[in-house]
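Examination of the molecular architecture
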Protein chains: 4
Amino acid sequence: MIRFNCDYSEGAHPRILEKLAQTNFEQTGGYGNDPFCRQAAELIKQQCKAPQAEVHFLCGGTQANLIVLAACLRPYQSVISPVSGHINVHEAGAIEATGHHVETLPETDGKITADQIARVCKAHWEDENPEFSPQPKTVYLSFPTEYGTLYTKEELQAIRRVCDDNNLFLFIDGARLGYGLTAPGNDITLADLAALCDVFYIGGTKIGALLGEAVVITNPKLQKDFRYFMKQRGGILAKGRLLGIQFSTLFEDGLYLELAKHANDMAALIKKACQEAGFVFLCDSSTNQQFPILPNDILAELEQTYVFSHIKSIDHKHTAIRICTSWATRPEDVEQLTAELVKLSKGKNATHRVSFIKQ
Amino acid sequence: MIRFNCDYSEGAHPRILEKLAQTNFEQTGGYGNDPFCRQAAELIKQQCKAPQAEVHFLCGGTQANLIVLAACLRPYQSVISPVSGHINVHEAGAIEATGHHVETLPETDGKITADQIARVCKAHWEDENPEFSPQPKTVYLSFPTEYGTLYTKEELQAIRRVCDDNNLFLFIDGARLGYGLTAPGNDITLADLAALCDVFYIGGTKIGALLGEAVVITNPKLQKDFRYFMKQRGGILAKGRLLGIQFSTLFEDGLYLELAKHANDMAALIKKACQEAGFVFLCDSSTNQQFPILPNDILAELEQTYVFSHIKSIDHKHTAIRICTSWATRPEDVEQLTAELVKLSKGKNATHRVSFIKQ
Amino acid sequence: MIRFNCDYSEGAHPRILEKLAQTNFEQTGGYGNDPFCRQAAELIKQQCKAPQAEVHFLCGGTQANLIVLAACLRPYQSVISPVSGHINVHEAGAIEATGHHVETLPETDGKITADQIARVCKAHWEDENPEFSPQPKTVYLSFPTEYGTLYTKEELQAIRRVCDDNNLFLFIDGARLGYGLTAPGNDITLADLAALCDVFYIGGTKIGALLGEAVVITNPKLQKDFRYFMKQRGGILAKGRLLGIQFSTLFEDGLYLELAKHANDMAALIKKACQEAGFVFLCDSSTNQQFPILPNDILAELEQTYVFSHIKSIDHKHTAIRICTSWATRPEDVEQLTAELVKLSKGKNATHRVSFIKQ
Amino acid sequence: MIRFNCDYSEGAHPRILEKLAQTNFEQTGGYGNDPFCRQAAELIKQQCKAPQAEVHFLCGGTQANLIVLAACLRPYQSVISPVSGHINVHEAGAIEATGHHVETLPETDGKITADQIARVCKAHWEDENPEFSPQPKTVYLSFPTEYGTLYTKEELQAIRRVCDDNNLFLFIDGARLGYGLTAPGNDITLADLAALCDVFYIGGTKIGALLGEAVVITNPKLQKDFRYFMKQRGGILAKGRLLGIQFSTLFEDGLYLELAKHANDMAALIKKACQEAGFVFLCDSSTNQQFPILPNDILAELEQTYVFSHIKSIDHKHTAIRICTSWATRPEDVEQLTAELVKLSKGKNATHRVSFIKQ
């Protein structure tokens, strides 16, 4: 079987493994106090054009989200998130276990707007007893979103203004950040994110590393004592170098963006084949995740060879799936898949379009 | 500088890196649902002679401790720990952040006794209002302890009986388990631990892995829903294979114990040299951590070349240090260190013995 | 000003104050270990026909909700609640601060259905990785709801069956329970609640007491160690007798239901007047809370004399308000209000009906 | 039986009950937004000479402690407490359930010193990795202590200086504050406490109220958003007036101190009788709690008539007890008790002194 169901089916990019082997016997301090972590942090700060930022390395997305939000929020404060936000749907209540309410907003293609956020804040502060509901304090977004879509710079700037007006932190989950930065049409850079966010992270796990997320904190209020939060939640590795080595490899000569771009290119080929086959999509993604809606019979045939994620049943004849590419996706596999897609759809005499309303 | 300050100064045993490279492009499921994790779990269960056990892989000791204790305790229940227990002194309040009181007991060389535990339980249940103090529910021990010392089988059996009598779980932190299992004089096996504990873990980070702790759960009550706890605390890696590959390498042909034994052997040479030099020890350890008390002038000379951990100032002329060996400790470095130890101590005309009382 | 905005504007029913004065110098044990608490618990168990139940007294609704849910849930488990449930909208994130996700369902007139609950459970357990989202474990309902509406016995029985099928606890918030039990058309009794719920509470604060909620626990699993939860969350009063005296007064000869019926009768008069005036309601309530939609000009006139709660602006000419009666509502005040309502509405030439859609 | 085991065996001072009855039908706003709470807060601020302070009313000591400490601490911060502090021994782990480590210090007669606190802070900040242990942020003291003893003004000033030097909040638990303020030899006033502490509370439950603690917050950092903490932990009563009425009664004409002084006077008579009888004390208290060590045979005879609290067994012939007086203690009961104490001790031919070392 060939896996297209996620972007973490393989190990790490070979250069990472080589670097691990090369440096294996160098003795370093523990807990992230080592030259590799320092170098990786330095590279990231440079590329973010944010010399005052602090960079910390964590193991995974849920860990990063819960630690960052613990730092952003007092116990009575909430985080605003799209209802489809990873923290709301895929982390087993990690944020609530940290004590915080997740204030969800309806999303459009995984995104929320500055206006929606402003309305939540207005409603809170105009209440007769604001203290009877959690106080909004942080906005959580994903870039790209869980649907592979992207905020424009203008949208993020508008959200930043609402955050400033309402004394909110802006936190961007970049578990798949590279895929967004290298997507066609994207107008956001690392430096933009550093300028717009109080804190965000650069995902390594899903873009070529064995594991690891690099948390970039630009707001000094959140920098203070951040390592206590990391330690208390089990987020400091004794051999922190493992993360430093990976991120310095990914960032020393553009490997990170290169890997992401490869995945996007592969996804674009699949997207094009789906379009040619007449399939519609749950939403229009330009990144490595594509969400076409397939007739169940075609899907069944493809699943003899390929693994996809099922997202939801659209009607009794159609299913929305996720097709995911990665740094490791082989062009020959994509070629084969797209050929089959086109071939199978041609065999069908009717249109595969469905009129569906996202619930 | 040559580091003897901890057992996590290098990367991983080369065979682990090789296995990572060999398997790098095999596609697997995520989140620990992969053949490597299954194989590693199987090997561990076999070596524990515990076919009904469940084995889960986590990233580090603090993470393992807080997740296991979240599973062991209801909100009003406490964990009994030696005052020197890692959860009490070195985890930034991780257990309290999970909501639980740590009930500390005075330790002797890092160890507590069955009698002490029994007295805590008796005092709780005989109180007029037991519900006014946290209810003891779990015993936390380290094997080896933070002082490198070991419980005997008889001691653990006595503790198990007290646990049975008082409806307590027994949880053993094995961050350095291999060093204990292979220590001279030790009479505990993996199978003993599986039979005596409700849950324990086998530390990889400090014995040759890049990172990783294998949690072995023998009590079905704790097996139930354990992965929810893991996920909620950020303890499930997307590329769980990273842990499975390492533990299968460590356990498929005895590498784990071999690495531990090497470190113990190296430590024994250092211990012998210290004894010959006339130094006393904070406590008598047979594992990879040695706690000699050195005259400050000798210590200063050694620290031109070697890095040690300072444990505490004994008096204005003596300091207790920790000397730590590992799988990666080179015999030639030990030879050089022991030679210097003996040489430096001979240059001194007075005894280096101190009469000290552990506070 | 005459207050119709809530049911806690006055002190306590005079018989409660008399009983406090009469018993004031009797010495009793503390922390709820006193004859008054025992008597109150006994009366409640009898009237619930639940001799095996345990009854505990707490200070208020938020406290009761967070303590009961702490007892019902493990850290990774969630409580299902209507989106309008008090725990979701009016408790400052108390449940999340206790570590738990509130799984909200769309409500109709404040109510949710057995089918909705079943679908949540099905979706959870059919997920490929159930452990990636909080596990549903308890259903939270209010009786009456926050909109003053009532579940029928048939509806509760259906919910009970879904709870049994899915291993869920059923917890009913009875902060205004008496108003429901004595409402016209209600077919639920205290004994029904005790038979259907695992735990529920009988609100005193809003029905004649100074403060106090009587938690009735019928499920032995939740009875175990419940006082630890109470103590740990600050829910045990040193002078627990204060609660015991009040509940024994309310339950020794039917005072509780008598007070509730009075409030319902007063509310029915107001409801009738609103109907005669041609006003529509947010929902059809037969209890002490009425939610009419008033033209803003009429509302402004009434608010010269009366205090109401504003619920929401319907359009730029109409506002939904809450009119609330209580044990202390004076018939002459209701007579005056209803007369004014009718008079003011007659002065208007147009209909006051609005077509509105609940958001 | 005549109870001398605690200071909460009766209801409330009759003037409180009268005031409740007089004001019963006055309609007020809920949740502490009422004239009674405002008046009580005003009286307390005046008597504290702290016009900028904020005063909030809570139900009990555990609730006050956990809410205040939630406001004082970030998740990784700890509270320093004497090992005998109420939060450490008598609150079922309430502080840990709020997520915080309690850093305990050995106490002398229930008290800790400025030096001890300074040493804890020094040790923390001088550690190589401070973030590996909880960061000290608040000092918790009781005045009087759990042993009835008092800090002098000089001692509190020294502690304040250490708090300033180390950026710590000073929080004083005044569950029995009045007994301290009116004790012979005490040199602390309400105004001193307001000047020295960041936050403290004035206990009503144990000095004449049905329930209630008045939290006085002088530090603006802690004032901000305090009501969110109260609401989230179930600490806002719908009928907040119940607390306002009681505290305005206690503070409008000196009743609070008068009641406390009565109890102290009664305790002094008992202390004197114990001394005359030759009994030693666990510690020297000048407040309403006395801790004499009685021969078991005398104790057994007294316990035919009186109820005391047993504190601990000193040896097989002696027991330390707590004798507690209150606002409601009747002089005739004290007279009878003291007479019996003296009489019983005269009947014994040997000394009752014991040489005991507090553990």
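Digging into the overall build of chain A
The number of helices and strands found in chain A is 15 helices and 13 strands. Against the globule reference of 21 Å for 359 residues, chain A gives a C-alpha radius of gyration of 21 Å, in line with a compact fold. Expressed as a percentage of its 359 residues, the buried residues of chain A come to 68%. Counted over contacts in chain A with a minimum sequence separation of 6, partners at least 24 positions apart contribute 73%. If you sum the accessible surface of chain A, you get close to 12600 Å²; carbon and sulfur atoms cover 50% of it. One finds the centroid of the 35 positive side-chain charges in chain A at a distance of 2 Å from the centroid of its 42 negative side-chain charges.

What about the interface of chain A and chain D?
Between chain A and chain D, the residue contacts involve 24 residues of the former and 24 residues of the latter. Here chain A meets chain D over a buried area of about 2100 Å², counting both sides, of which 55% is carbon and sulfur. There are two salt bridges connecting chain A and chain D. In this assembly, chain A and chain D are joined by 18 residue pairs in polar contact (both at pLDDT 80 or more). Those elements that provide at least two residues to the side of chain A that touches chain D are helix 3 (61-72), helix 6 (114-126) and helix 11 (226-232) of chain A. The element contributing the most residues to the side of chain A that touches chain D is helix 11 of chain A, with five residues.

Section: the sheet that holds strand 6 (residues 169-173) of chain B
All names here are of chain B. In spatial order, the strands read 2-8-7-6-5-3-4; together these seven strands make up an open sheet with mixed pairing. On the outer flanks of this sheet lie strand 2 (54-58) and strand 4 (102-105), each paired with one strand and no other. Across the sheet, the mean angle separating the axes of adjacent strands is 25° when strand polarity is ignored. Strand direction decides the pairing type here: strand 2 and strand 8 (residues 213-217), joined by five bridges, are antiparallel. Directly across from Phe57, in strand 8, lies its bridge partner Ala214. Contacts between helix 12 (residues 241-252) and the sheet are confined to strand 2, strand 7 (199-203) and strand 8, with strand 2 contributing the most and set at about 120° to the helix.

Description of the packing of aromatic side chains
Scanning the model with the defined rule gives 52 aromatic pairs over all chains in all. Both rings, one in Phe4 of chain A and one in Tyr306 of chain A, keep their centres 5.9 Å apart while their planes meet at 50°; by these two values the pair is tilted. Of the two residues, Phe4 of chain A is situated in the loop between strand 1 (2-3) and helix 1 (14-22) and Tyr306 of chain A in strand 11 (residues 306-307); the sequence distance between them amounts to 302 residues. The class of Tyr306 of chain A is buried, set by a relative accessible area of 1%. Their ring planes at 20° and their centres at 6.3 Å tell us that Phe247 of chain B and Phe251 of chain B sit as a pair that is stacked. Of this pair, Phe247 of chain B and Phe251 of chain B both sit in helix 12, separated by four residues, roughly a single helical turn.

Some points on the relation of the copies chain B and chain A
Superposing chain B onto chain A takes a rotation of 180° plus a shift of 0.0 Å along the axis, which leaves an RMSD of 0.0 Å. Such values leave the two copies arranged in the relation of a two-fold axis. A share of 100% of the interface residues of chain B reappears at the interface of chain A, consistent with the copies meeting face to face through the same patch.

Some words on helix 13 (residues 255-276) of chain B
Note that an α-helix has 3.6 residues per turn; residues three or four places apart therefore point the same way. All names here are of chain B. The terminal C-alpha atoms of helix 13 lie 32 Å apart, and with 22 residues this matches the ideal 32 Å at 1.5 Å per residue to within 8%. Listing the buried residues of helix 13 in full gives Leu255, Tyr256, Leu259, Ala260, Ala263, Asn264, Met266, Ala267, Ile270, Lys271, Ala273 and Cys274. Positive backbone phi, approximately 90°, marks Gly278, located one or two places after helix 13.

Focus on the environment of Glu96 of chain D
Among the secondary structure elements, Glu96 of chain D is positioned in helix 5 (residues 94-97). Under the relative-accessibility criterion, Glu96 of chain D is labelled buried at 3%. Distance in space between the C-alpha atoms of Glu96 of chain D and Trp125 of chain D is 22 Å, their sequence separation being 29 residues. Dropping the residues within four chain positions of it, Glu96 of chain D is found in contact with Glu96, Gly99, His100 and His101 of chain B together with Val102 of chain D.

Some thoughts on the sheet that holds strand 8 (residues 213-217) of chain A
Residue and element names in this part refer to chain A. Strands sit in the order 2-8-7-6-5-3-4 across an open sheet of seven strands; the sheet is mixed. Taken across any chain shown, the strands that pair with only one partner, and hence form the sheet edges, are strand 2 (54-58) and strand 4 (102-105). Averaged over all pairs of adjacent strands, the angle between their axes in this sheet comes to 25°, without regard to strand direction. Alignment of strand 5 (residues 135-142) against strand 6 (residues 169-173), held across five bridges, turns out to be parallel. Pairing of Leu141 across the sheet is with Ile172, part of strand 6. Packed onto the sheet, helix 2 (residues 35-47) meets strand 2, strand 7 (199-203) and strand 8 and runs at close to 125° relative to strand 2.

Observations regarding the environment of Leu20 of chain C
Residue and element names in this part refer to chain C. Its place among the elements puts Leu20 in helix 1 (residues 14-22). Accessibility expressed as a relative area gives 4% for Leu20, which makes it buried. Separated by 15 residues in sequence, Leu20 and Asn5 have C-alpha atoms that sit 28 Å apart.

Structural notes on the domain arrangement of chain A
All names here are of chain A. Here the domain parsing of chain A yields domain 1 (14-253) and domain 2 (256-346). Taking only C-alpha atoms, the centre of domain 1 and the centre of domain 2 are 28 Å apart. Between domain 1 and domain 2, the buried area comes to about 1800 Å², and carbon and sulfur atoms account for 61% of it. Counting every contact that joins domain 1 to domain 2 gives zero salt bridges.

Structural notes on unusual backbone geometry
Residue Pro144 of chain A is bonded to the preceding Phe143 of chain A through a cis peptide linkage, with omega at -5°. Following the sequence through the fold, Pro144 of chain A ends up in the loop between strand 5 and helix 7 (153-166). One non-glycine residue, Asp109 of chain C, adopts positive backbone phi at about 50°. Counting through the fold element by element, Asp109 of chain C comes out in the loop between strand 4 (102-105) and helix 6 (114-126). According to the relative accessible area criterion, Asp109 of chain C is partly exposed, its value standing at 27%.

Overview of the relation of the copies chain A and chain D
You can overlay chain A on chain D at an RMSD of 0.0 Å; the transform is a turn of 180° with a shift of 0.0 Å along its axis. Taken as a fraction of all interface residues of chain A, those also at the interface in chain D reach 100%, which identifies the copy contact as same-surface.

Considering the pattern of salt bridges
One pass over the full model with this rule turns up 64 salt bridges over all chains. Where Asp284 of chain A meets Lys271 of chain A, a salt bridge forms, and the shortest distance between an N and an O atom there is 2.8 Å. Of the two residues, Asp284 of chain A sits in the loop between helix 13 (255-276) and strand 9 (289-290) while Lys271 of chain A sits in helix 13, which places them 13 residues apart along the sequence. Residue Asp284 of chain A is classed as exposed on the basis of its relative accessible area, which comes to 57%. Between Glu131 of chain C and Arg227 of chain B there is a salt bridge, with its nearest N and O atoms 2.5 Å apart. Here Glu131 of chain C is found in the loop between helix 6 and strand 5 (135-142), whereas its partner Arg227 of chain B is found in helix 11 (residues 226-232) on a different chain. Residues Glu131 of chain C and Arg227 of chain B agree in their burial class; the two are buried.

Criteria and cut-off values
Residues numbered from 1 in each chain as written. Chains lettered and ligands numbered in written order. Predicted model: local features only at pLDDT ≥ 70, side-chain atom pairs only at ≥ 80, totals over all residues. Heavy atoms only, no water. Helix = DSSP H or I, 4+ residues; strand = E, 2+ residues; numbered from the N terminus. Rg over C-alpha atoms; globule rule 2.2 N^0.38 Å. Buried < 20%, exposed > 50% of the residue type's maximum accessible area, 1.4 Å probe, protein only. Contact = heavy atoms within 4.5 Å. Areas by Shrake-Rupley, 256 points an atom, 1.4 Å probe, with all protein chains shown as cover. Lys, Arg positive; Asp, Glu negative; His and termini not counted. Charge placed at Lys NZ, Arg CZ, Asp CG, Glu CD. Buried area = accessible area lost by both parts, 1.4 Å probe. Salt bridge = Lys/Arg side-chain N within 4 Å of Asp/Glu carboxyl O. Polar contact = N/O pair within 3.5 Å; in protein donor to acceptor, adjacent residues only side chain to side chain. Pairing = 2+ DSSP bridges. Axes fitted to C-alpha atoms, helices over the stretch in contact; angles between N-to-C directions. Phe/Tyr/Trp six-rings, centres within 6.5 Å; stacked < 30°, edge-to-face > 60°. Least-squares fit on C-alpha atoms with pLDDT ≥ 70 in both. Expected span 1.5 Å × (residues − 1). Domains from an automatic or database assignment.

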